[in-house]
Amino acid sequence: MRHFDLVIIGTGSGNTIPNARFSGWDIAIVEHGKFGGTCLNVGCIPTKMFVHTADVAETPAKSSRLGVDEQLLGVRWPDIRDRVFGRIDPIAAGGRDYRENHPDNAKVTIYDQVAKFVGHKQLDTGTGETITADRFVIAAGGRPMIPDIPGLAETGFHTSDTVMRLEKLPKRLAILGGGFIAAEFAHVFSSFGVRVTLINRSGRLLRGHDSDICSRFTELATKRWDVRLDTTVARAERQNGAVRLHLDDGDVVEADELLVATGRTPNSDRLAVEATGVEVDENGKVVVDAYQRTSVDGIYALGDISSPYELKHVANHEARVVRHNLLDPDHPLEVNHRFVPHAVFTEPQIATVGLTEEQAREQGVRYVTAHEDYSSIAYGWAMEDTTGFAKILADPDTGLLLGAHIIGPQASTLIQPLVQAMSFGQHARTVATDQYWIHPALPELIENALLKLPLTAG
Ligand SMILES: Cc1cc2nc3c(=O)[nH]c(=O)nc-3n(C[C@H](O)[C@H](O)[C@H](O)COP(=O)(O)OP(=O)(O)OC[C@H]3O[C@@H](n4cnc5c(N)ncnc54)[C@H](O)[C@@H]3O)c2cc1C
Ligand SMILES: NC(=O)c1ccc[n+]([C@@H]2O[C@H](COP(=O)([O-])OP(=O)(O)OC[C@H]3O[C@@H](n4cnc5c(N)ncnc54)[C@H](O)[C@@H]3O)[C@@H](O)[C@H]2O)c1
């Protein structure tokens, strides 16, 4: 059995670990799919390339309120799709080529089949070779979770792994789920002229967000798409080429294609991590401590397979922590999950960091809130925005921010000064008043919301 200093399973964030500081280490990289993992190949990057294109396609529908009459002449799906993957596919191939052929990686060996643990620190690489190592990094991510619906497999469906490579645009798309992926793809496909029906089990879309954000988004989504809430699919079938979804309320939704976006499940099962003694929780997530160490000495995990946050910036941060801890295990770094922001790139954009109002209430945290509409700031007037807002929560006594939630144009960018303020423990008033805010730019939304916080001091 070949023995390595380090085996890394998964080339998403895991592949960022080996650098010049590992020269001299015998490293195996195990990846059965494309190099770059979910984010590069089927996640963040292609979706946002589609989202930007969708935003452009949607412009004419919004411009007449500004007195500019525009017309969308067409959407060339094959060109849109091929631009995205024409850019991405070579990056994945280049990533593999670098690890396989570049002199920097002379001591790196690649295994390209589905691997699974077969014993303590023993990995069956799926290539006919079983390997061992002193250290492992489990960075094998997750995959779409497919609900158990009678007829679903026979009906045929897409997930986020396949829907971006459709041969042609469907006329009608049914989306099962009401989370991040459903919200982003509903925006993308409807902007391209596809009639979208969204079927969601719970009563509000993007649950888990602050309830003011969920309510506003659900209200807007309902105007744009056929949204079925508090509904599940009892049975699916395909008739005359069309997907037919029988809902539990008796209604039938017909579509040309179906996208299942009902959450993701970690790949710990397929990797059989228990065979090496690595502990998983009730959701199949690998259990790690604050240093990303699993229950087995020398085995680390990171990213979607272990993290409570299924976000690329978190996976990358955890990979940096693991890299340090591999190199200097006697002085390990702790992971920093204090203020993890995220954005949903739908229409309108949504961004969030810290506590929602519901969480603050449940945790018994003392808080005050401030709310500012885009329609109250000059650039919001310029854009004729009537639905966007920022909501900020702060501790009334210390003036420290507890959470921030934005729905509206550029929300994913506008949130950043608030992430910074929270990360560096800055007082809300200081952030609002001790720096210039460019007038009349969109960040005035944040400045005004901060100034409105009814703080007891400062
Ligand atoms: C549609 C979509 C859009 C997203 N958009 C965003 C976004 O805008 N912003 C954001 O922050 N996050 C986004 N995410 C989440 C983000 O993509 C993930 O959090 C991130 O990619 C996780 O990285 P990772 O390294 O943990 O795993 P991955 O990138 O999934 O890497 C795991 C790798 O392990 C390989 N692997 C798994 N099992 C085995 C095995 N047994 N043997 C060999 N190889 C194996 C897989 O092939 C894969 O390449 C999105 C996700 C999806 C699905
Ligand atoms: N912009 C981003 O950062 C981004 C974008 C896409 C995905 N992601 C990551 O990927 C993860 C997975 O995304 P997702 O949208 O698949 O999951 P999600 O957890 O965000 O949403 C799942 C949705 O499916 C619904 N659901 C579950 N089972 C159902 C059923 N049987 N019938 C009907 N509805 C059902 C849930 O109520 C929920 O609304 C996200 O949690 C996120 O961390 C991030």
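Residues numbered from 1 in each chain as written. Chains lettered and ligands numbered in written order. Predicted model: local features only at pLDDT ≥ 70, side-chain atom pairs only at ≥ 80, totals over all residues. Heavy atoms only, no water.

Per an unreviewed UniProt entry, the recorded name for the protein chain is Mycothione reductase, and the organism is Labedaea rhizosphaerae. Quoted verbatim from the Sequence similarities (unreviewed entry) field of the UniProt record, the comment on the protein chain reads "Belongs to the class-I pyridine nucleotide-disulfide oxidoreductase family." (UniProt positions renumbered as here; feature names shortened; annotations may be inferred.)

A word on the side chain of Asp 304
Within the element layout of this structure, Asp 304 appears in the loop between strand 16 (299-301) and helix 7 (312-327). Although Asp 304 is buried, it forms no salt bridge, and the closest oppositely charged side chain is Arg 264 at an N-O distance of 4.3 Å. Not counting the four nearest positions on each side in its chain, Asp 304 is found in contact with Gly 141, Gly 142, Arg 264, Pro 266, Lys 285, Tyr 309, Glu 310 and Leu 311. (Helix = DSSP H or I, 4+ residues; strand = E, 2+ residues; numbered from the N terminus. Buried < 20%, exposed > 50% of the residue type's maximum accessible area, 1.4 Å probe, protein only. Lys, Arg positive; Asp, Glu negative; His and termini not counted. Salt bridge = Lys/Arg side-chain N within 4 Å of Asp/Glu carboxyl O. Contact = heavy atoms within 4.5 Å.)

Examining the site of ligand 2
Taken together, 20 residues lie near ligand 2, and Ile 181, Glu 184, Gly 263, Glu 310 and Ala 343 sit nearest. Contact distances for ligand 2 include 2.8 Å between an oxygen atom and a backbone N or O atom of Ile 181. One nitrogen or oxygen atom from the main chain of Gly 263 is found 2.9 Å from an oxygen atom belonging to ligand 2. Summarising the interface, the protein chains cover 83% of the accessible area of ligand 2, which totals 840 Å² for the free molecule. When the residues that make up the shell around ligand 2 are grouped by side-chain class, the tally is 8 nonpolar, 6 polar and 6 charged. Counting contributing residues, the shell around ligand 2 receives three or more from each of domain 1 (2-143 + 265-327) and domain 2 (152-262). (Near = heavy atom within 4 Å. Polar contact = N/O pair within 3.5 Å; in protein donor to acceptor, adjacent residues only side chain to side chain. Areas by Shrake-Rupley, 256 points an atom, 1.4 Å probe, with all protein chains shown as cover. Nonpolar A, V, L, I, M, F, W, Y, C, P; charged D, E, K, R; others polar. Domains from an automatic or database assignment.)

What about the sheet that holds strand 13 (residues 252-255)?
Ordered in space as 11-12-13, the 3 strands form an open sheet in which the pairing is antiparallel. In this open sheet, the two edge strands, each paired with only one partner strand, are strand 11 (233-239) and strand 13. When the angles between neighbouring strand axes are averaged without regard to direction, this sheet yields 20°. Sheet analysis places strand 11 next to strand 12 (residues 242-247), joined by 6 bridges and oriented antiparallel. Along strand 12, the bridge assignment pairs Glu 237 with Arg 244. (Pairing = 2+ DSSP bridges. Axes fitted to C-alpha atoms, helices over the stretch in contact; angles between N-to-C directions.)

Describing the packing of helix 2 (residues 44-63) against helix 3 (residues 77-101)
Packing of helix 2 against helix 3 leaves a shortest axis separation of 10 Å and a crossing angle of 145°. Once helix 2 is placed against helix 3, the crossing between them reads as right-handed. Residues Ile 45, Pro 46, Met 49, Phe 50 and Thr 53 of helix 2 lie in contact with helix 3, whose contacting residues are Trp 77, Ile 80, Arg 81, Arg 83, Val 84, Phe 85, Arg 87 and Ile 88. Partitioning the contact of helix 2 with helix 3 into residue classes produces 9 nonpolar, 1 polar and 3 charged. (Left-handed = near helix turned anticlockwise from the far one by under 90°.)

A closer look at the site of ligand 1
Within the structure, ligand 1 sits among 34 residues, and Ser 13, Glu 31, Thr 38, Lys 48 and Asp 304 are positioned closest to it. One of the side-chain N or O atoms of Glu 31 is found 2.5 Å from an oxygen atom in ligand 1. The separation between an oxygen atom of ligand 1 and a polar main-chain atom of Leu 311 is 3.1 Å. At the level of elements, helix 1 (37-42), helix 2 and helix 7 are the ones that each hand at least two residues to the shell around ligand 1.

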